[in-house]
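# Chain and residue survey
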Amino acid sequence: MELRARGWWLLCVAVALAACAHGDPASKSRSCGEVRHIYGTKGFSLSDVPQAEISGEHLRICPQGYTCCTSEMEENLANRSRAELETALLDSGRALQATLAAQLRGFDDHFQRLLNDSERALQEAFPGAFGELYVQNAKAFRDLYAELRLYYRGANLHLEETLAEFWARLLERLFRQLHAQPLLPDDYLDCLGKRAEPLRPFGEAPRELRLRATRAFVAARAFVQGLGVASDVVRKVAQVPLSPECSRAVMKLVYCTHCLGVPGARPCPDYCRNVLKGCLANQADLDAEWRNLLDSMVLITDKFWGPTGAESVIGGVHLWLAEAISALQDNSDTLTAKVIQGCGNPKVNPQGPEPEEKRRRGKLVLPEKPPAGTLQKLVSEAKAQLRDAQDFWISLPGTLCSEKLAMSAASDDRCWNGVAKGRYLPEVMGDGLANQINNPEVEVDITKPDMTIRQQIMQLKITTNRLRGAYNGNDVDFQDASDDGSGSGSGEGCPDDECGRRVGRKSSSSRTPLSHALPGLSEREGQKASATGHLQPCTHLLLLSGLPLVLSAARPRWR
């Protein structure tokens, strides 16, 4: 009798434990009612939800046992959990893209404004200072600024050759204008260039402009294009689909509590991190190259300051042009005599226009220096934001768990561990694909990396290497890595015979297209003059005179 009573007691204990674990039908009916409400708020048909718990042998993802979910409900919730995580990933990417896009617009607007203000200052001051010598050759100056804009915006142009062609074209046009000779034979133009170059009639201005422009423009161009590349990487990676194994794990993480009738239980922190570290293993592999890119971008902002910085050079192109022409006028008599002595006196066309008359010296009045705070503020904000974004990829699992997936505040007996309410015991995996080999929540094949993400890792490497080259003053070509060695560099190592080599004029039909144009910006937009902004002053007023002959420094012929 005592043995029978003890057996009955054990049976009661077992029944009580089962009731605690699974609940009686009445309690499950209440739980299914709550699931029914939640299921309906997500837009699903309430006819799918059972009134009371049913046997769960049909479940494919959630733990089997008594459940409030049918097979169709489990499938619907699995699809919803995957869609919600994909949306959360897109939202996180869009937030970072918006930050990078705002930086790009700010820097691009500033650099464009500097160049536009420089051209406008030239157009306003040069006619009064140079008269017809400028007016009749205004197109050559407009073409120069147009080429500078194309270069800045990513066109595959050789900046030193562009400047050399400008000086050569100006030389030929001014010589024709002086002698009223619309056409000069090629052999005379060749002789003209050879005789003029050793005399450096423009002084040091062309060389200084070449050295400074290659450094300043390459730094500005590399920085804004780095912002564009970073934004592109975020956009493309955010579109990478989740794996089927990840979708199953996320369903189990988010909605299996509903199926088990405990929808209020939140995921344990370490459990959530393991699921998302497995889902985003490939994305975490971007971390090293992503940090290298952002570090290089922060570093290159140092090249925006000083006399050779982007701020001074881009906004002061017209000052170098004015200094060059002023020096040219001072040396024009000597240059003319040397050219005539070596090449002969060109024949004057009797039906041509009259030679340019001597003009009284004028004064080149330049606008005041613009406030220096604009670029400083842009750089300060960009540095802070880029540093904040450095750990974006490896912090993404934790961010999504805490902000999007309603993770529990602590790992205790009340959080959801993937099986029931209770503590989560497995350790948290490391970051990246290789560390997921033993992930207890997501089955990850570490031998099959995602190809889209691998391509973006390579893009980050290429862009970082070119940013580092730009920091050292080397020209940047974003079109093909094999072109790295063909850039113009700083210009300091350019031999005279190479820099003076004749360069054929590029036609508009043969120009190389933009190799990495700024996102959302067209070439024409860069040519629009800004309505605001000021110019940096010249250190002194240039007194300019109109002499019978104004020649430019001898650089390769540009016809």
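Cut-off values and rules
- Residues numbered from 1 in each chain as written.
- Predicted model: local features only at pLDDT ≥ 70, side-chain atom pairs only at ≥ 80, totals over all residues.
- Heavy atoms only, no water.
- Helix = DSSP H or I, 4+ residues; strand = E, 2+ residues; numbered from the N terminus.
- Contact = heavy atoms within 4.5 Å.
- Buried < 20%, exposed > 50% of the residue type's maximum accessible area, 1.4 Å probe, protein only.
- Disulfide = S-S within 2.5 Å.
- pLDDT = per-residue confidence, 0-100.
- Axes fitted to C-alpha atoms, helices over the stretch in contact; angles between N-to-C directions.
- Parallel < 35°, antiparallel > 145°, perpendicular 65-115°, else oblique.
- Left-handed = near helix turned anticlockwise from the far one by under 90°.
- Nonpolar A, V, L, I, M, F, W, Y, C, P; charged D, E, K, R; others polar.
- Phe/Tyr/Trp six-rings, centres within 6.5 Å; stacked < 30°, edge-to-face > 60°.
- Lys NZ or Arg CZ within 6 Å of the ring centre and 35° of its normal.
- Expected span 1.5 Å × (residues − 1).
- Bend = angle between axes of the 7 residues up to and from the residue.
- Core = buried A, V, L, I, M, F, W, Y, C linked by side-chain atoms within 4.5 Å.
- Salt bridge = Lys/Arg side-chain N within 4 Å of Asp/Glu carboxyl O.
- Lys, Arg positive; Asp, Glu negative; His and termini not counted.
- Polar contact = N/O pair within 3.5 Å; in protein donor to acceptor, adjacent residues only side chain to side chain.

Considering the arrangement of structural elements, one finds Thr301 in the loop between α13 (287-300) and α14 (310-314). Residue contacts for Thr301: discarding those within four places in its chain leaves Phe223, Val379 and Lys383.

With that settled, consider the environment of Phe202. By secondary structure assignment, the location of Phe202 is in the loop between α7 (186-196) and α8 (205-238). For Phe202, a relative accessible area of 1% puts it in the buried group.

For the structure on display, the rule yields six disulfides. Each sulfur in the disulfide pair Cys62 and Cys256 lies 1.9 Å from the other. Taking the sign of the S-S torsion, -90° for the link of Cys62 and Cys256, the bridge is left-handed. Of this pair, Cys62 sits in the loop between α2 (25-41) and α3 (71-130) while Cys256 sits in helix α10 (residues 256-259), placing them 194 residues apart in sequence. Note on accessibility: Cys62 and Cys256 belong to one class, buried.

Right, let's get into the confidence of the model for the chain. This prediction gives the chain a mean pLDDT of 77; 73% of its residues lie at or above 70. Throughout residues 478-516 the model reports pLDDT below 50, and contacts reaching past four residues in sequence, or to other chains, amount to 89 contacts. For the stretch residues 519-559, pLDDT sits under 50, and the model shows 157 contacts to residues farther than four places along the chain or on other chains.

So, about the packing of α3 against helix α17 (residues 373-388). Running from N to C, α3 and α17 cross one another at 160°; their axes reach a closest spacing of 11 Å. The orientation of α3 relative to α17 falls into the category roughly antiparallel. The element α3 and its partner α17 pack so that their crossing is left-handed. Taking contact as the criterion, the partners of Thr99, Leu100, Gln103, Gly106, Phe107 and His110 in α3 are, on α17, Thr374, Leu375, Leu378, Val379, Ala382, Gln385 and Leu386. Considering only residue class, the contact of α3 with α17 consists of seven nonpolar, six polar and no charged.

Going through the model one piece at a time under the given rule, you end up with 14 aromatic pairs. Relative to Tyr134, the ring of Phe126 lies with its centre 5.7 Å away and its plane at 75°, an arrangement referred to as edge-to-face. Comparing Phe126 with Tyr134, the two get one shared label, buried. On the numbers, 5.3 Å between centres and 50° between planes, the contact of Tyr134 with Phe141 is tilted. A residue is classified by how much of its surface remains accessible, and Tyr134, at 6% relative accessible area, is buried. Residue class for Phe141 comes out buried when judged on its relative accessible area of 2%. One aromatic cluster in this structure is built from Phe107, Phe111, Tyr152, Phe223 and Phe304. Sitting above the plane of the Tyr151 ring, Arg221 keeps its charged end 4.2 Å from the centroid.

Taking 1.5 Å per residue, 15 residues should reach 21 Å; helix α5 (residues 138-152) reaches 21 Å between its end C-alpha atoms and fits that length. In terms of burial, α5 is a largely internal element, 13 of the 15 residues being buried. Following α5 by one or two positions, Gly154 adopts a phi angle in the positive range, close to 110°.

We now examine α3. Along its 60 residues, α3 runs 85 Å from first to last C-alpha, staying within 8% of the 88 Å computed at 1.5 Å per residue. At Glu124, α3 shows its largest kink, close to 30°, and the proline Pro127 lies no more than four residues downstream. Residue Gly131 follows α3 closely and has a positive phi angle near 60°.

Our next topic: the nonpolar core. For soluble globular proteins, the rule of thumb is that nonpolar side chains tend to be buried together. If you look at the biggest cluster of nonpolar residues, it comprises 124 residues, and the most contacted ones within it are Phe107, Phe111, Phe126, Trp290 and Leu321. With 18 residues, the top contributor of residues to this core is α3. When residues no more than four places from it in sequence are discounted, the contact partners of Leu321 are Leu122, Phe126, Phe141, Leu144, Tyr145, Phe166, Trp167 and Leu209. Counting residues in hydrophobic clusters, the runner-up holds 11 residues, among them Phe175, Leu184, Leu192 and Cys343.

A side chain with one charge may pair with a side chain of the opposite charge, provided their charged atoms come close. Summed over the entire model, instances satisfying the criterion amount to 16 salt bridges. A salt bridge links Glu119 to Arg149; its shortest N-O distance comes to 2.6 Å. Residue Glu119 is found in helix α3, and its partner Arg149 is found in helix α5; the two are separated by 30 residues along the sequence. Arg149 shares its class with Glu119; the two are buried. We note a salt bridge from Arg454 to Asp285, for which the minimum N-O separation is 2.6 Å. Of the two residues, Arg454 sits in helix α19 (residues 451-471) while Asp285 sits in the loop between α12 (281-284) and α13, which places them 169 residues apart along the sequence. Relative accessible area serves as the criterion here: at 29%, Arg454 is assigned to the partly exposed category.

Once that is clear, we can look at the environment of Gly226. Looking at the secondary structure, you find Gly226 in helix α8. With 71 residues separating them along the chain, Gly226 and Met297 place their C-alpha atoms 7.0 Å apart. Ignoring any residue separated from it by four or fewer positions in sequence, one finds Gly226 in contact with Leu293, Met297 and Thr463.

Mapped onto the elements of the fold, Glu441 is located in the loop between α18 (392-403) and α19. Of the side chains bearing the opposite charge, Lys252 lies closest to the buried Glu441, which forms no salt bridge; the N-O distance is 4.8 Å. Looking at Glu441, its side chain comes within polar contact range of the side chain of Tyr424, at 2.6 Å. Once you skip the residues sitting within four places of it in the chain, Glu441 turns out to touch Ala249, Tyr271, Asn274, Val275 and Tyr424.

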